[in-house]
Amino acid sequence: MLRNRIFVFSIVVIVGLGAGGSWLIWAPNTPSFDGDRALHIPRGSVFVNVVDSLESRELIKYSWSFRLVAHATGWKDQIKAGHYVFSSGESNFSLLQTIRKGLQTPVSLRIPAGSRRDRIARSAAANMAFDAGDFMAALSDTSLATSLGTDTLHLFSYMLPDTYSFYWLTEATDVVRRIKREFDEFYEKEATSNATTLGLTRDEVVSLAAIVEWETRVNEEKSRVAGVYLNRLRRHWPLQADPTVQYALIELEGGRRRLFFRDYRINHPYNTYLYQGLPPGPITNPSRSSLIKTAQAEKHDYMFFVASPNGGHTFNVDLRSHNRDANILRRYLAQRRRERANAED
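On a predicted model such as this, the values are computed, not experimentally measured, just so you know. (Residues numbered from 1 in each chain as written. Predicted model: local features only at pLDDT ≥ 70, side-chain atom pairs only at ≥ 80, totals over all residues. Heavy atoms only, no water.)

Another point: the packing of helix α11 (residues 202-215) against helix α12 (residues 222-234). In helix packing, the relevant descriptors are the interaxial angle and the interaxial distance, both defined with respect to the helix axes. Here α11 crosses α12 at 125 degrees, and the two axes come no closer than 10 Å. With respect to each other, α11 and α12 are oriented oblique. Crossing hand, α11 versus α12: right-handed. For the pair α11 and α12, the contacting residues are L208, I211, V212, E213 and E215 in the first and K222, V225, A226, Y229 and L230 in the second. (Axes fitted to C-alpha atoms, helices over the stretch in contact; angles between N-to-C directions. Helix = DSSP H or I, 4+ residues; strand = E, 2+ residues; numbered from the N terminus. Parallel < 35°, antiparallel > 145°, perpendicular 65-115°, else oblique. Left-handed = near helix turned anticlockwise from the far one by under 90°. Contact = heavy atoms within 4.5 Å.)

Structure, rendered in structure tokens:
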């Protein structure tokens, strides 16, 4: 009864005002500001919450006129949850039409390359209604992984690095589904043929590309690094990949640090100094370039490589040459540490 009285009263007021009523509906009711301003309306929000949010975001000058028009039209009961973007100078009519019709503006969701699960989850959740825990739960969902043709050990590595557009209220599981679909389309187009030539499955390419991703930032040498690891696999050598030891340390200690000789003896399934073959699963989500270059792994005789003081890596066929270059690097790094220590004194 009260609601009907308010509605009738509002209509009477607007009609009775004549030109003033038109002003209430059509005149600008957002303050002057540069660019756009966003408004989040969570699920379950009632009209009074929406008005409070509009006021706190400084998106309306006169909340009483907004309420009046919303009551008079009945649109206050048609508010849709979502993420909306408004410009300066919008009217009550424009504001209400946007949020009652659910005319949402997508948000950006960024998946960083070469990241751990938790960082991927935090980045994915940054602009979304779900939180990082929801995304982590989706990556750990056995049923979801199975439906996407993989398992929970590999699913996070299929989160193809890129910036995507999603509606704010999209569920974490739906985000994972779409990004995995994007990965599948990319992989089929850019890597399947070359991977088949190398005799590698998709999971093997992703696991190897994940190691390459952490091993080098030099795009031009990624296929050569991948070739070294394939040579070791074919000869049944341990991969001896430092990034896998770093991954083991992250799992055990919670973060990255400088590797010491003792770390290569850590009894962990991802320690490829102790366990032959590829690790049980990928250590990160590789970039497009790492996936492509791994599927295009060079055919060569190199069995060793070590970081070069001049950037990139030095590649060698024999252990003697490798040890020589490794000693050069050690001396260089030791000198750098001494210089930093002296500078701090």
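Next, the rest of the story.
Now for the environment of S87. Assignment of secondary structure puts S87 in strand β2 (residues 82-87). Distance from S87 to R37, taken between C-alpha atoms, is 6.5 Å for residues 50 residues apart in sequence. Sequence-distant contacts of S87, that is, excluding residues within four places in its chain, are made with T30, F33, G35 and D36.

Looking now at the nonpolar core. Residues L109, F135, M159, V176 and I179 are the most contacted members of the largest nonpolar core, which totals 59 residues. The dominant element in this core, judged by the number of residues it contributes, is α11, at 8 residues. What I179 contacts, discounting residues up to four positions off in sequence, is L109, I111, Y158, M159, L160, Y164 and F166. F33, V69, W75 and I79 belong to the second-largest nonpolar core, a separate cluster that totals 21 residues. (Core = buried A, V, L, I, M, F, W, Y, C linked by side-chain atoms within 4.5 Å. Buried < 20%, exposed > 50% of the residue type's maximum accessible area, 1.4 Å probe, protein only.)

Once that is clear, we can look at the pattern of salt bridges. Across all of its chains, the model carries 14 salt bridges by this definition. Linking R37 and E58 is a salt bridge whose minimum nitrogen-to-oxygen distance equals 3.8 Å. You can see R37 sitting in strand β1 (residues 36-41) and its partner E58 sitting in the loop between α3 (47-56) and α4 (63-73), a full 21 residues away along the chain. Put simply, D118 and R116 hold a salt bridge, and the shortest N to O gap is 3.6 Å. Residues participating in the shared-partner salt-bridge network are R116, D118 and R122. (Salt bridge = Lys/Arg side-chain N within 4 Å of Asp/Glu carboxyl O.)

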